[in-house]
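# Fold and contact review
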Amino acid sequence: MTISKRISEHFGFGDFTINLFSLRFADRDEERRHNRTELRKALPVMRLALVAGIIIYMAFGILDYFSIPEIFTEALIVRIGIVAPIFFVSILLTFNSTANRYAQSIFAFCMFSCGAGILVMIALADAVGVSGYFAGIVIVLIYCCCIPPVRFLYATFVIAIFIVAYQYIVFFVNPPPSDVLLQTEFFLVCSALLSVFASYIQEIARRRDYVNMRLLEAERSRSVELADKAQAANHAKSEFLAIMSHELRTPLNAIIGFSEILEKEMFGPLGKDQYKEYSKDINVSGQHLLSIINDILDLSKAEAGKLVLQENPVSIVEIVNSTLRIVRDHAAERGVRLAFDVPQHDNMLTGDPRLLAQVFLNLFSNAVKFTHKGGSVTISFENVEDGGLWVLIQDTGIGIDTKDLDKVFAPFVQIESSMARNYEGTGLGLPLTKNIMELHSGGITLSSRLGEGTTAIVKFPKERVITQSLDNSQKQAQG
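Read on for a plain summary of the structure. (Residues numbered from 1 in each chain as written. Predicted model: local features only at pLDDT ≥ 70, side-chain atom pairs only at ≥ 80, totals over all residues. Heavy atoms only, no water.)

What follows deals with the overall build of the protein. Within the protein, the regular secondary structure consists of 14 helices and seven strands. For the protein, the proportion of its 479 residues judged to be buried stands at 44%. Summarising the internal contacts of the protein: among those between residues at least 6 apart in sequence, 72% fall at separations of at least 24. Element-wise, carbon and sulfur atoms account for 61% of the exposed surface of the protein, whose accessible area totals about 26,700 Å². (Helix = DSSP H or I, 4+ residues; strand = E, 2+ residues; numbered from the N terminus. Buried < 20%, exposed > 50% of the residue type's maximum accessible area, 1.4 Å probe, protein only. Contact = heavy atoms within 4.5 Å. Areas by Shrake-Rupley, 256 points an atom, 1.4 Å probe, with all protein chains shown as cover.)

Bridging between strand 6 (residues 443–449) and strand 7 (residues 453–460) involves seven bridges; their strand directions are antiparallel. By the bridge assignment for strand 7, S447 is matched with T455. Connecting strand 6 to the next strand, strand 7, in antiparallel fashion are three residues, including G451 with a positive phi near 85°. (Pairing = 2+ DSSP bridges.)

Summed over all chains, the structure comprises 13 salt bridges. Of the charged contacts in the structure, one is a salt bridge between E30 and R33, with a shortest N-O distance of 3.0 Å. With a gap of three residues between them, E30 and R33 both fall in helix 2 (residues 28–59), about one helical turn apart. When its relative accessible area of 0% is taken as the criterion, E30 is described as buried. Between R464 and E311 there is a salt bridge, with the nearest N and O atoms lying 2.5 Å from each other. Here the residue R464 occupies a position in the loop between strand 7 and helix 14 (470–478), and E311 occupies one in the loop between helix 10 (273–303) and strand 1 (312–315), the gap between them amounting to 153 residues. Given a relative accessible area of 10%, R464 falls into the buried group. Look at the salt bridges and you will find they share partners, linking R24, E31, R151, E203 and R207 into a network. (Salt bridge = Lys/Arg side-chain N within 4 Å of Asp/Glu carboxyl O.)

Below, the discussion takes up the environment of V173. Tracing the sequence through the fold places V173 in helix 8 (residues 152–173). Sequence separation of V173 and A123 is 50 residues, and the distance between their C-alpha atoms is 6.4 Å. Once residues within four sequence positions are removed from consideration, V173 is found in contact with A123 and Y168.

With that out of the way, let us pick up a negative patch on the surface. Residues E265, D273, E277 and D281 make up a contiguous surface patch of negative charge. Residue placement: E277 occurs in helix 10. (Patch = residues over 30% accessible without salt bridge, like charges linked within 9 Å, V, L, I, M, F, W, Y side chains within 5 Å. Lys, Arg positive; Asp, Glu negative; His and termini not counted. Charge placed at Lys NZ, Arg CZ, Asp CG, Glu CD.)

Here we come to helix 11 (residues 316–334). Because each turn of an α-helix spans 3.6 residues, side chains separated by three or four positions end up pointing in the same direction. In this model helix 11 runs 26 Å from its N-terminal to its C-terminal C-alpha over 19 residues, within 8% of the 27 Å that 1.5 Å per residue would give. Along helix 11, the helix axis deviates most sharply at V327, where the bend reaches about 40°. Of the positions making up helix 11, those classed as buried are I316, V317, I319, V320, T323, L324, V327 and A331. Note on helix 11: the residue one or two positions beyond its end, G335, has a positive phi of about 75°. (Expected span 1.5 Å × (residues − 1). Bend = angle between axes of the 7 residues up to and from the residue.)

Moving on to the nonpolar core. In globular proteins that are soluble, nonpolar side chains generally tend to be buried together. In terms of nonpolar packing, the biggest core is built from 54 residues, with F87, M121, I122 and I159 touching the most fellow members. For this core, the elements supplying multiple residues, two or more each, are helix 2, helix 4 (72–93), helix 5 (103–124), helix 7 (134–146), helix 8 and helix 9 (178–264). Discounting chain neighbours no more than four positions away, the residues touching I122 are V130, Y133, F134, I137, Y166, I169 and N174. With 40 residues, the next largest nonpolar core counts V314, L349, L363 and V391 among its residues. (Core = buried A, V, L, I, M, F, W, Y, C linked by side-chain atoms within 4.5 Å.)

Let's shift gears to the sheet that holds strand 6. Reading across the sheet, the five strands line up as 2-4-5-7-6 and stay open at both edges, with mixed pairing between neighbours. Each of the sheet's edge strands pairs with one partner strand only, and the pair in question is strand 2 (337–340) and strand 6. On average, each strand axis in the sheet is inclined to that of its neighbour by 15°, with strand direction left out of account. Note: strand 4 (residues 376–383) against strand 5 (residues 389–395), seven bridges, orientation antiparallel. Its bridge partner lying in strand 5, N383 is registered against L389. The strands touched by helix 12 (residues 353–369) are strand 2, strand 4, strand 5, strand 6 and strand 7; relative to strand 7, the strand with the most contacts, the crossing angle is about 170°. (Axes fitted to C-alpha atoms, helices over the stretch in contact; angles between N-to-C directions.)

Position of N174 relative to the elements: it lies in the loop between helix 8 and helix 9. Side-chain polar atoms of N174 contact the backbone oxygen of I122, separated by 3.0 Å. A polar contact of 2.4 Å, which involves the side chain of N174, links it to the backbone oxygen of A125. (Polar contact = N/O pair within 3.5 Å; in protein donor to acceptor, adjacent residues only side chain to side chain.)

Listed below in structure tokens is the structure:
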């Protein structure tokens, strides 16, 4: 199977196989499509070539005065009275929507007319004119085959007529000296062959460009189609996760509620302490599963553009403090020290308190989870020069390889390494954190080295920072 057939089957095109003699596509529909496409591209070039042809053809009338003065009048009639009007009419026809379909045939006729005019001059001239004016045919061949995008078959047909007509003239109508004839024949035949070859190569190149263009269009359409499918699949995934999260929340809330009732023995003692421990385990597991479901729901909303901020003035110090209280017991169990470098004054921001608490809970939980016993997690604030606020979370944990830093923000991804394989997690925390911070017009960056810990920087833009009122109250108190 040829490459063109494989391409055609893959993209649903016509057959791109080209007949090496006629330079036509095997598929007729594809040939018609190619001709329409090439016509739109060729018309401006053809018009310019016809205008240039008229100017050059008229300019050579000066040479007629010196080279063939004996037929100068006849030469003017050929140039001005016959060939020039044909060129002008042809240019006008290319602007007609019906006639320009035959632009290739029209240009081939112009090619024939300018060459026929030279042949008439050769037939009427004396021996000197015959000897020199064969060069006019050479110029016509070069002009017609190399400048405008004329079809190879048309050019070859017209050139064949020129050569045959020239042979008839120089052998039977107006023969030049034999030594001159030998030279002119050699140069003319060589010029004809080179011109035909040039026309052949140019058309092959144009057709290959057309095939490449078609393939590029197909790839572009396919890329758009795949992108639409991927977007639809992503949207369907988000919708599914949102629906499933809601469906799972209801029974989970019931499980958590009943486990709390059992743990607190609201309707009487359970009998054995073991039952109370089991109910506590049920409650903890249920709370953990519910937090995962909430993360999935929030992430799916964020990806679908449905996560909306409930904005209020919030104290970022209070949010950090309240979040640290949640992870403090877990840190103590793991033997990880928490250090909060409390700023001298509060930092008020405009934001969603629930989502911001989720940001810091995810970051603090990760920092504690990936830090070995005896390590530490430090939280500090930094007011940057542009008016924004940074919150830095530094841990002395296992760290992340530099090449993997971007991967951790992809949903459901957890970097695997010999140190991290045994750590649980859904991989939703950082992607959700990134989405929440982007909703706040901020961002989050990570810097880390494997085995040396990680620093997460939560960045709030100056538009979110509220001018501190506590500074003024502190000054009044000091006064």
